[in-house]
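Read off the chains here:
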Amino acid sequence: MLRTFVLPWLTAVACLILLLVPQIASQDVLFPGATSYAFYAHSVSSNARIVTATGAKARQIKLCLLDRRGESAYYPDAAQAFEQAKRYGMKPAFCEQAGDVINYYGFSEELGDGVLLDGHRVNLHIAVRAEGACIGTPLIFGGY
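Residues numbered from 1 in each chain as written. Predicted model: local features only at pLDDT ≥ 70, side-chain atom pairs only at ≥ 80, totals over all residues. Heavy atoms only, no water.

(A) Examining the overall build of the chain more closely. Each helix and strand in the chain was counted, giving 3 helices and 9 strands. The linear arrangement of helices and strands in the chain, starting from the amino end, is α-β-β-α-β-α-β-β-β-β-β-β. The proportion of buried residues among the 144 residues of the chain is 37%. Sequence separation of at least 24 residues holds for 52% of the intrachain contacts in the chain that already meet a minimum separation of 6. Summed over all atoms, the accessible surface of the chain reaches about 8700 Å², with 61% contributed by carbon and sulfur. (Helix = DSSP H or I, 4+ residues; strand = E, 2+ residues; numbered from the N terminus. Buried < 20%, exposed > 50% of the residue type's maximum accessible area, 1.4 Å probe, protein only. Contact = heavy atoms within 4.5 Å. Areas by Shrake-Rupley, 256 points an atom, 1.4 Å probe, with all protein chains shown as cover.)

The structure is reproduced here in structure tokens:
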């Protein structure tokens, strides 16, 4: 009797664990090697809850945010941010300047649908200023 109830239940739990472990283990940050990260939860707009992390803690914090909608990373050298965009095959959409920040917007097939911005489908955003650059998906929120 015990065998007919416990064994199927234990088998189901074991299967669930085997399915979830590889997915959790593969949840690394999208932009490796950054100095700091910001994760966006609840929304893909400026209403998102922003959780920040240093490079060392970023992966752990990302795993804990189940309602994550995006992320960004800061690099002290703008070339590093553009290298990340190149790694994702970013197709440029448009750029704009706001004060001392130049914003580059584009789309990568690897990063999902993105958002509609000025008539363009965008899921990669790079903000560059003299002291470095930030790259984010779908956009960078919280200012840079």
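Back to the text.
(B) Highlighting the sheet that holds strand E8 (residues 124–129). Read across the open sheet, the 7 strands follow the order E2-E1-E3-E9-E8-E5-E4; overall the sheet is antiparallel. For this open sheet the edge positions go to strand E2 (49–54) and strand E4 (91–98), each flanked by a neighbour on one side alone. Put simply, the sheet's adjacent strands are angled 20° from each other on average, direction ignored. In terms of strand pairing, strand E3 (residues 68–75) meets strand E9 (residues 132–137) through 5 bridges, oriented antiparallel. Within E9, the position partnered with Tyr75 by the bridge is Ala133. Its contacts with the sheet put helix H3 (residues 78–87) on E3, strand E5 (101–107), E8 and E9, and the angle it makes with E8 is roughly 170°. (Pairing = 2+ DSSP bridges. Axes fitted to C-alpha atoms, helices over the stretch in contact; angles between N-to-C directions.)

(C) Geometry of the packing of aromatic side chains. On inspection of all chains with the given rule, the structure shows 5 aromatic pairs. Relative to Tyr88, the ring of Phe31 lies with its centre 5.9 Å away and its plane at 75°, an arrangement referred to as edge-to-face. One end of the pair, Phe31, is in the loop between helix H1 (2–25) and strand E1 (36–41); the other, Tyr88, is in the loop between H3 and E4, with 57 residues separating them in the sequence. Judged by relative accessible area, which is 10%, Tyr88 ranks as buried. Centre to centre, the rings of Tyr40 and Phe141 are 5.2 Å apart; their planes meet at 80°, and the pair counts as edge-to-face. Taken together, the residues span a long stretch of sequence, with Tyr40 in strand E1 and Phe141 in the segment after E9 at a distance of 101 residues. (Phe/Tyr/Trp six-rings, centres within 6.5 Å; stacked < 30°, edge-to-face > 60°.)

(D) Spotlight on H3. Among all positions of H3, only Ala78, Ala81, Gln84 and Ala85 are buried. Taken end-on, H3 shows its buried residues confined to a sector of 115°, consistent with a single buried face. On its buried face, H3 is in contact with E3, E8 and E9. Looking one or two residues past H3, Gly89 carries a phi angle of roughly 70°, positive in sign. (Arc of directions from axis to C-beta.)

(E) Region of interest: unusual backbone geometry. Here Thr137 and Pro138 are connected by a cis peptide whose omega angle stands at -5°. Note that Pro138 resides in the segment after E9. Look at Asp118: it is not a glycine, yet its phi comes out positive at around 50°. Mapped onto the elements of the fold, Asp118 is located in the loop between strand E6 (115–117) and strand E7 (120–122). Classification of Asp118 by relative accessible area gives exposed; the value is 61%.

(F) Local environment of the pairing of E4. Note that E4 and E5 share 7 bridges and pair antiparallel. Note on E5: the bridge partner recorded for Phe94 is Tyr105. Between the antiparallel neighbours E4 and E5 lie 2 residues, among them Gly99 with a positive phi of about 65°.

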